[in-house]
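Structural description and commentary
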Amino acid sequence: MPRPKPKLIPLLLVALLGTGFSFSLPHFQLSPYARYRLSRLPLIGRLIKPPVPPEKEYRAAQSLMEKLRDQEADRYAPELYARVEKKWERARTYYRTGHYDWARIYFAQIQDLGKKTLEEARRRREALKARAYKTLNLLRQSYRKKSRTLPPEKRLQITLALWRLETLIQLEDFETFKKEALEVRRNYGL
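Remember, predicted model here, so these are calculated numbers, not experimental data. (Residues numbered from 1 in each chain as written. Predicted model: local features only at pLDDT ≥ 70, side-chain atom pairs only at ≥ 80, totals over all residues. Heavy atoms only, no water.)

**Side note on the pattern of salt bridges**
Rule in force here: We define a salt bridge as a contact between a side-chain nitrogen of Lys or Arg and a carboxyl oxygen of Asp or Glu at a distance within 4 Å. Secondary structure counts use DSSP, requiring at least four H or I residues in a row for a helix and at least two E residues in a row for a strand, with both numbered from the N terminus. In this scheme, a residue with accessible area under 20% of its type's maximum is buried, one over 50% is exposed, and one in between is partly exposed, where area comes from a 1.4 Å probe on protein chains only.
Tallied over the full model, the rule gives 13 salt bridges. Close ionic contact of R123 with E120 constitutes a salt bridge, the shortest N to O distance being 2.5 Å. Here the residue R123 and the residue E120 both occupy positions in helix α6 (residues 100-146), the gap between them amounting to three residues, near one helical turn. Note that K129 and E172 form a salt bridge whose closest N and O atoms lie 3.6 Å from each other. Placement of the pair is K129 in helix α6 and E172 in the loop between α7 (152-170) and α8 (174-188), with a sequence separation of 43 residues. Of the residues examined, K129 reaches a relative accessible area of 21% and is grouped as partly exposed.

**Focus on helix α5 (residues 78-97)**
Along an α-helix, residues three or four apart share an orientation, since each turn contains 3.6 residues. Threshold: A helix is expected to span 1.5 Å multiplied by its residue count minus one. It only takes one pair of heavy atoms within 4.5 Å for two residues to be counted as in contact.
The terminal C-alpha atoms of α5 lie 29 Å apart, and with 20 residues this matches the ideal 28 Å at 1.5 Å per residue to within 8%. For α5, the secondary structure elements touched by its buried residues are α3 (55-70), α4 (73-76) and α6. With its phi angle positive at about 95 degrees, G98 sits one or two positions after the end of α5.

**Section: the packing of α3 against α6**
Defined as follows: Axes, fitted as lines to C-alpha atoms, cover a helix only where it is in contact. Angles between the N-to-C directions of the axes lie from 0 to 180 degrees. Comment on the angle field: the value is read as roughly parallel under 35 degrees, roughly antiparallel over 145, roughly perpendicular from 65 to 115, and oblique elsewhere. Each crossing gets its handedness from the near helix: less than a right angle anticlockwise from the far helix is left-handed, clockwise is right-handed. Amino acids outside the nonpolar list (Ala, Val, Leu, Ile, Met, Phe, Trp, Tyr, Cys, Pro) and the charged list (Asp, Glu, Lys, Arg) are all regarded as polar, and Gly is one of them.
Put simply, α3 and α6 touch, their axes get as near as 10 Å, and they point 25 degrees apart. The angle between the axes of α3 and α6 places the two elements in the roughly parallel class. For the pair α3 and α6, the sense of crossing is left-handed. Contact with α3, carried on its side by E57, Y58, A60, A61, L64, K67 and L68, involves R104, F107, I110, Q111, G114, K115, T117 and L118 of α6 and no other residues of that element. For the contact of α3 with α6, the residue count by class is eight nonpolar, three polar and four charged.

Just distances and angles here, no functional claims.
In structure tokens form, the structure reads like this:
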């Protein structure tokens, strides 16, 4: 095969450069992470716009996590809360590193699972509260039956103990309530 003449090569280069400005490359669809990384490069970053971070989804997930902490979901629904917490950590990591597409997916999962967790925590808290009030009412009924035969000092002690138990229910300290309800039952024979 004969080699092209040296004069022909510069002519071909000039022709390519001249026509190179008249056509464009096909539009490539880049992933959000690729766009994020390329947009951070010094020269290429001027040509590629970074993807829009899911700020709204991030704030909604952050608000939900605060609500879960306020409602003490880790105490009333620990297994669900652990799953939400794990997803939250992953979503934040993806968000910080520019994997916005993955972060959006995890933020949506956090919303779904977080609402289930809130509902489960509320349901369990209400069940514990109902059980505690039932125990307190049984103690009060027993006290009413025996109150006429007790001396005034003993009645005052039992009244204060029952008041303390009701306060513990209102504070949602159910572990302490169980212990003190057993003590009241033992000490005062209720």
